[in-house]
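# Analysis of the macromolecular model
The chain contents come next:
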Amino acid sequence: MSEPRSRRAAVTGIGVVAPNGTSTETFWKSVQEGRNVLGTVTRDGCDHLPMKVAGEVRDFDPEAAVEERLIVQTDRFTHFAMAAADLALEDARLGRGDTDGSPFDVGVVTAAGSGGGEFGQRELQRLWGKGSRFVGPYQSIAWFYAASTGQISIRRGFKGPCSVVAADEAGGLDALAHAARAVRRGTDVIVAGSTEAPIAPYSMVCQLGYEELSRETDPSRAYRPFTEQACGFVPAEGGAMLVVEDTGSARRRGLPVRATLDGHASTFTGASRWAESRDGLAQAIRGALAEAGCAPEEVDVVFADALGVPEADRAEALAITDALGAHGRRVPVTAPKTGIGRGYCAAPVLDTAAAVLAMEHGLIPPTPGVHDICHDLDLVTGSARAAAPRTALVLSRGLMGSNSALVLRHGAAG
């Protein structure tokens, strides 16, 4: 890496809008208690579709979180992003105009896999049903993958490095890695993360082509990775935004360093080639550990990708032991996403938020609804496990073939 290692990237703020909570506090309470909030899809126009179970954000009021003029310009996935960014900035004590120095010292990085499908569908229906004069002027931008990055930066006046990772699920970790590297190169603060809103008719029809998607109608049985009953994954909406900041900047502001983003690596093994993802994911883990200067036995907890497809689950379990050796069979592994669904790019960002909170609270959260493990893993199930994790490894794989790994250290260990 060319970045000066004297600068370290720290998480100083977390904002969450998820199916199990629209604040960091409610999210963590649900995660540590192992609640399963998956339910039958309730969104209009979805009744006839074969995908019956999802993780919906049911108690989010965009009008209470976002200005009216922006609501009409943006899709639901960007509403989530703006709300989560506000929460993260407040958590990091960075209110409007409170950043040190120039607006060029603050940037935004988001990841998106599905974009604004609901907004795009509505406007296209107006086009075909009523004519071009009835199509809103924001159709050209609201669906776009970069909409959340653009709206957050414009709304807040941030003029630093801004980008979007348009990718599959692993893009969520890649966005955090972009943020960490920007901080190491000299940017003081990056607002980074991902939110998704794929629970709408057009977006759901697009997902039906995924063989890995669960068709189970019982929410308690729809998403059970690492078991013989695994039948695919359940999609989810929502996500999280993090404030990633130079540790020196945080300490000058008297702010605690919650965790440091110390290592990341990514590989590519091809769409739905799950057996091959074993080697690709193991290589990503090794690369992330090497960048972090972390020995395998230092990893205290693994937040798993947990796809819920037998071949993919087996590949992930083997990748963990391939990369971590004998320690891979002993290290606690968890997948809180089984209780909320797999939110595409947002899924690993929510896992990262949960990892930071797990290290802060000395608890490893359980994997909701999962029992009878059929792989050689120490999967945490049932209830949270008291521990003192200081190093967390977050894993993610995408349906299109990306593999990513991220190493975090607790702030007190940095």
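Whatever comes next refers back to the structure up there.
Attention in this report is confined to the structure presented alongside it. Given the structure is predicted, the values throughout are model-derived calculations rather than measurements. (Residues numbered from 1 in each chain as written. Predicted model: local features only at pLDDT ≥ 70, side-chain atom pairs only at ≥ 80, totals over all residues. Heavy atoms only, no water.)

## Comments concerning the side chain of Glu316
- Mapping Glu316 onto the fold places it in helix α12 (residues 310–324).
- For Glu316, a relative accessible area of 0% puts it in the buried group.
- At 2.6 Å, the side chain of Glu316 forms a polar contact with the backbone nitrogen of Asp305.
- If we ignore the near neighbours within four places in the chain, the residues touching Glu316 are Phe226, Leu281, Ala304, Asp305, Ala306, Leu395 and Arg397. (Helix = DSSP H or I, 4+ residues; strand = E, 2+ residues; numbered from the N terminus. Buried < 20%, exposed > 50% of the residue type's maximum accessible area, 1.4 Å probe, protein only. Polar contact = N/O pair within 3.5 Å; in protein donor to acceptor, adjacent residues only side chain to side chain. Contact = heavy atoms within 4.5 Å.)

## Brief notes about the packing of helix α4 (residues 76–91) against helix α7 (residues 147–156)
- Running from N to C, α4 and α7 cross one another at 45°; their axes reach a closest spacing of 9 Å. Compared by their axis directions, α4 and α7 come out oblique. For the element pair α4 and α7, the recorded crossing hand is right-handed. Residues Phe77, Thr78, Ala81, Met82, Ala85, Asp86 and Leu89 of α4 touch α7, and the partners they reach there are Ala147, Ser148, Gln151, Ile152, Arg155 and Arg156. (Axes fitted to C-alpha atoms, helices over the stretch in contact; angles between N-to-C directions. Parallel < 35°, antiparallel > 145°, perpendicular 65-115°, else oblique. Left-handed = near helix turned anticlockwise from the far one by under 90°.)

## Here we look at the layout of surface pockets
- Approximately 490 Å³ is the volume found for the largest pocket.
- Around the largest pocket sit 24 residues that line it, and Gly113, Ser114, Gly115, Tyr145 and Tyr202 are the ones nearest its centre.
- Counting only elements with at least two residues in the lining of the largest pocket, the list comes to α5 (117–129) and α9 (201–207). (1 Å grid on protein atoms, 1.4 Å probe; cavity = no way out; pocket = protein on both sides within 12 Å on 5 of 7 lines; lining within 4 Å. Points joined across faces, edges and corners; volume = space filled by probe spheres on them.)

## A word on the nonpolar core
- With 49 residues, the main nonpolar core has Ile285, Val299, Val302, Leu324, Leu393 and Leu395 as its most contacted residues.
- Residue contributions to this core peak at seven residues, all from helix α11 (residues 277–292).
- Excluding residues within four positions of it along the chain, Val299 makes contact with Leu289, Cys294, Leu324, His327, Val331, Thr391 and Leu393.
- Listed in part, the 44 residues of the second largest apolar core include Leu176, Ala240, Phe303 and Cys345. (Core = buried A, V, L, I, M, F, W, Y, C linked by side-chain atoms within 4.5 Å.)

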